[in-house]
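Each chain, letter by letter, is given below.
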Amino acid sequence: MDWLEQELKSALARKDPPPGFAERVGEAIDRASPGAASKAGPIASRRVIAWPSRVAQRWLAAAAAAVILMIGGGVGYRWHRGIVAKRQVMQAFLIAGGQLNHLHAHLKEVSQ
Amino acid sequence: MKPARALALAVGASAALFAQQFKFDLDRLAAKASNTVDVSLSGPLLQLGARFLDSSDPDEAKVKKMIAGIEGIYVRHFEFKQDGAWTKSDLDGVRSQLKAPEWQRIVGWNSAEEGETAEVFLRLEGSKMTGLAILATEPKAFTVVNIAGPVDLDALSQLGGHFGVPKVQPDKPSGKKK
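All values derive from a computational prediction rather than experimental measurement. (Residues numbered from 1 in each chain as written. Chains lettered and ligands numbered in written order. Predicted model: local features only at pLDDT ≥ 70, side-chain atom pairs only at ≥ 80, totals over all residues.)

**Here's the deal with the nonpolar core**
- In this structure, Val-89, Ala-92, Phe-93 and Ala-96 of chain A together with Ile-73 and Ile-134 of chain B are the most contacted members of the largest nonpolar core, which totals 41 residues.
- The set of elements that each furnish at least two residues to this core consists of α4 (54-111) of chain A together with β1 (35-42), α3 (43-51), α4 (58-67), β2 (72-79), β4 (116-125), β5 (128-138) and β6 (141-148) of chain B.
- Of all the elements, α4 of chain A adds the most residues to this core, at 10 residues.
- Not counting the four nearest positions on each side in its chain, Ala-92 of chain A is found in contact with Val-39, Leu-41, Ile-73 and Val-75 of chain B.
- The next biggest cluster of nonpolar side chains, apart from the first, holds 5 residues, and it includes Ala-33, Phe-78, Ala-85 and Trp-86 of chain B. (Core = buried A, V, L, I, M, F, W, Y, C linked by C-beta atoms within 7 Å. Buried ≥ 20, exposed ≤ 12 C-beta atoms within 10 Å, placed from the backbone. Helix = DSSP H or I, 4+ residues; strand = E, 2+ residues; numbered from the N terminus. Contact = placed C-beta atoms within 7 Å.)

Now the structure itself:
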């Protein structure tokens, strides 16, 4: 074992905490959030995002439903506009084509 | 609304407004007509309609192919219950806008016997076709068409057989003789 391994072994060796360490940590947590640690424990007291209340949940659900309805309505309206536009395109081309064809028929008659 | 988006919308709206290549001004006829077809499609709405065309349908597939490159299509078609609902001044009001050098009249038909007229004009920029105008009248019908953009006239004519007019086959003589 060379000197480096010896140094690492001594640096990473398990050491027991000094007497009273656990008590000092508990007191520090109590000072940071009085009462919370004793009620729900240290993990719960540090929760970052609170779960919304029932009223807030209802509002969120209503907002989500409104957004879904708006998106659905928008898609439906766009689909309807597309179908109407398609019919108009076909109608316009059929009228234009019909007139050209009609003219073509007349010219053909004259040429014969 | 962001200024860039507002500007884009304004540009799009003005492009749609000016895609039509001549004015129709035929509201007077609309009031008299028993049937009216009024189609004004340009820009995004035209492209939206094109996306809904079904490529498996033969006619829709032809239109879908023709519509590529077209900026707008505008049709006014009026049908009347009685003769004399439209006058020569209505026709002249549209025709007077279709002048050279911008517009070239490529074919015209006038039948005094049947009271029908039909004219086809092409809008040309150099050798490039940029628009089509069709004016067609019958005693009880008046039709004006403007397609802004290049159009395949042969393909367009092939659609005609479905509009109550028999399709004309180039290799077969028409049954009607004058």
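The discussion continues.
**Describing the interface of chain B and chain A**
- Each side of the interface is counted separately: chain B has 45 residues, and chain A has 28 residues.
- When residues in the side of chain B that touches chain A are grouped by element, the largest group, 6 residues, is from α3 of chain B.
- When its residues are assigned to classes, the side of chain B that touches chain A shows 28 nonpolar, 11 polar and 6 charged. (Nonpolar A, V, L, I, M, F, W, Y, C, P; charged D, E, K, R; others polar.)

**Brief notes about the pairing of β6 of chain B**
Residue and element names in this part refer to chain B.
- For β6, the tally of buried residues reaches 7 of 8 residues, placing the bulk of the element in the interior.
- Where β2 and β6 come together, 8 bridges link them in antiparallel fashion. What sits directly across from Glu-79, in β6, is Ala-141.
- Hairpin connection of β5 to β6: 2 residues between the antiparallel strands. (Pairing = 2+ DSSP bridges.)

In short, shape yes, function no, at least from these values alone.
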